[in-house]
Every structure is written in structure tokens, then in C-alpha cells.
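Per-entry structural report
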Amino acid sequence: MHRSEITIDLGALRRNVRRLRAVLGRTALWAVVKGDGYGHGAIDVAGAALGEGAQALCVATVGEALLLRREFPGVRILVMGPSSGREIAQARDADLDLTVTDEAVPEGVRVHLKIDTGMGRWGLPEISASPAEVVGLMSHLATADSDPDFARAQVERFTAATEDFSHLIRHVANSAAALRLPESHFDAARCGIALYGLSPFGEDPAADGLEPVLRWDSHLAQVRRLEPGESTGYGRRFLAEQATWIGIVPVGYSDGFRRDMTGTEVRVGGEPRRVVGTVSMDALAVELDRELPVGTPVTLVGHGVLVEHHARVAETINYELVCGIETSPSRARRVVLDA
Ligand SMILES: *Cc1c(COP(=O)(O)O)cnc(C)c1O
């Protein structure tokens, strides 16, 4: 038996794409599949999103783009991060779109100029000219998920800075803005997290009509009774006050179930149960209310167990948790449902 199984439901992904396209109307949906599709598998996700009407793919690096180019000839692939000299040559050969954040526009490759309207990271303060290579103008919002007023001010700055260049493709919105800030839509929206059915707002994704794509299942590999005063795991961080049944799940932080997720809830045989003690590299413990058979299914993510809840416990964001799930065959079995 595998230690755990990760299921990617491309049907759910397609429904999320439809939902975003309905919200976006005439604005094109560009699927953001950097970080191996936020840990979901970039090629599977890209294929499903394009099949459902996404019009381009966005990644962070030229390396990520080259892997996709092999599978998807003829599709616009935008590299959103900075590229070096050698990467620019590779991008030209592979017909990629590059993001440029300063005055030095490379020749012979399609370019999107990035304007810094408040993110305070990459980008030009304004545009003075647009050489022939420039096909798009973009900006990135710092607070679309948390401070709509600041996001609106960024959109206004972008509108003012790009007014004279409305023949170019203008794009600003990420998932949060696509869902809740219509004035940010322009010509295209670069959506990542929402494709995966995860909430950019850290809420239940159902609130925005989204459905999680990733499920993570394991099982009880060991069930034991702790007597009062006995403990489980490193540091004895869980000490039984009374006789307590404990289940051991063969998944730990090396699989991407982080150490700071102690205290979160998973489902054991369909019932919510608390993760207790120290999560170790290859195992975690759950508190049970009775003896259960070894092999009882444990849902770590999915079927109502929300990554957003784990993220709150770990004081991070859903993005970081899904990117950290280890999908290599040496740790988990990965199954793609394509219904
Ligand atoms: C990652 C990224 C996005 C996608 O953001 P989500 O919140 O996942 O939708 C959009 N634009 C840029 C520049 C990005 O780096």
C-alpha cells in the first residue's frame, strides 16, 4: 500500500475555469501554472485549462515555459519573472513572451512591459515609448485579496499610465481581482490559485463558487492506546491525561505535511480528528475516540478538509501549503482523474 495518494481532479479544474470565465466575460483567462501548477502538475493543469478556453499560460521562469512549450506548440506562454541573457535567447527560439521590468527591451522576442503601480518589487515607474517588441502592458496588485481600496488605486494608476497604449494587451488582475474587482479586468486576467479551487481570500473556496482540485488521502498505519502519562512523538508534546487511542498516519513533513500543522483537523474514517503531538518527517499522529482498524482511510486534504483551514493553523497561506506537497513517486502515488 502507498503511504499516501494525491488525486488531481481535472473535472473540478474545468469547472473552476468555467466559473472564472463566466466572471470575466470578455476578458481573456490566462492560466497561471508556475511552481508546477501550484503543486498540481503544470502539464495536466495547462491542458485542461486550455481545453476549457483559457487563452494563454503564465509561468515564473523560462525553464518552466520550455517544459510547457514542448507540449503546447502555438499557445502563448508568458514568463512573468525576470530573464537573463541566455534565457532571452532560449525564449526567442521557443517563441515565448517575456516580462520586462526596465528600459532594456530585448530584440526579436515578444515582450510585456511591467509597470510598478504599488507592488514595490519589479517594474517601471511609467512607460515612455513602446518599441515594436512590446505586445502587452502589465502590473501586479499587492492587496487584491486584503485591501480593495489600495488595489483600486493601483488600477487607477495603471489606467493613467497606459491610456495612450490601449492597442496593447493590458493585464493586471490575479485571482482575487478577477473574482472581486471588476475594474481590474482589462484584456486578460492572470489566474492561478482560483483555478485550483483554492480561495485567494483564505476562506472556504465555495464562497466564490470554486471547487478544490487536489485531494490527499492516506490511512492509519498503526493504532495504539496510550495510558495516562504516556506520550506520542518527539518532545512528548502530546501527553495522554487519560487512556487515549492514537492513530499513526505514514505522512510527515517530508511529504509536505508541515510540522506547524499540529492541531489541525483531518478526517479519519470520515470523521474530523485532531492532529496531535509533533509531526515528524515521515509520520503524524491523530487522536481517536475509539479503537479503529489499521487501514482506516484518512483524508488529509479534500472531502471537506480545506487547505485554507490547515493554512490558518500553520499561520501561512494555502498557496504555500499546496506548493509544498511532495508529489514524487517515492513519497506518494499521484492519480489524475480526467472525467
Ligand atoms: C502568481 C502570479 C499571478 C497569479 O496569482 P493568483 O493569486 O494565484 O491568481 C498573477 N500575476 C503574477 C505576476 C504572478 O506572479
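Scroll up a little and you will see the structure.
What comes next is a walk through the structure.

What counts as what
- Residues numbered from 1 in each chain as written.
- Predicted model: local features only at pLDDT ≥ 70, side-chain atom pairs only at ≥ 80, totals over all residues.
- Heavy atoms only, no water.
- Helix = DSSP H or I, 4+ residues; strand = E, 2+ residues; numbered from the N terminus.
- Buried < 20%, exposed > 50% of the residue type's maximum accessible area, 1.4 Å probe, protein only.
- Contact = heavy atoms within 4.5 Å.
- Areas by Shrake-Rupley, 256 points an atom, 1.4 Å probe, with all protein chains shown as cover.
- Lys, Arg positive; Asp, Glu negative; His and termini not counted.
- Charge placed at Lys NZ, Arg CZ, Asp CG, Glu CD.
- Pairing = 2+ DSSP bridges.
- Near = heavy atom within 4 Å.
- Polar contact = N/O pair within 3.5 Å; in protein donor to acceptor, adjacent residues only side chain to side chain.
- Nonpolar A, V, L, I, M, F, W, Y, C, P; charged D, E, K, R; others polar.

Thoughts on the overall build of the protein
Helix and strand counts for the protein come out as 9 helices and 19 strands. On the principal axes, the C-alpha backbone points of the protein span a range of 75 × 40 × 35 Å. A total of 339 residues make up the protein; the buried ones form 51% of that total. Taking the intrachain contacts of the protein between residues at least 6 apart in sequence as the baseline, contacts between residues at least 24 apart amount to 62%. Carbon and sulfur atoms make up 48% of the accessible area of the protein, which totals about 15000 Å². A gap of 4 Å separates the mean positions of the 36 positive and 46 negative side-chain charges of the protein.

Looking at the pairing of strand β9 (residues 188-191)
Burial along β9 is two-sided: the residues Ala 188 and Arg 190 and Ala 189 and Cys 191 are all buried. Direction of pairing for strand β2 (residues 28-32) relative to β9: parallel, over a ladder of 4 bridges. Residue pairing across strands places Ala 28 opposite Ala 188, the latter belonging to β9.

Here we look at the site of the ligand
The full set close to the ligand counts 13 residues, and Lys 34, Tyr 38, Ser 175, Ile 193 and Tyr 319 are the nearest of them. A distance of 2.5 Å separates an oxygen atom of the ligand from a polar atom in the side chain of Ser 175. At 3.0 Å from a nitrogen atom of the ligand is found a side-chain nitrogen or oxygen belonging to Arg 190. For the ligand, the accessible surface in isolation is 390 Å², of which the surrounding protein chains cover 92%. Breaking the shell around the ligand down by element, the ones donating at least two residues are α2 (34-38) and β9. Here the residues of the shell around the ligand are counted per class, giving 6 nonpolar, 4 polar and 3 charged.

Some thoughts on the side chain of Thr 27
Looking at where Thr 27 falls in the secondary structure, it is placed in the loop between α1 (10-24) and β2. Looking at Thr 27, its side chain comes within polar contact range of the main-chain oxygen of Phe 186, at 2.9 Å. Residues within four places of Thr 27 in sequence aside, it is in contact with His 185, Phe 186, Asp 187, Ala 188 and Ala 189.

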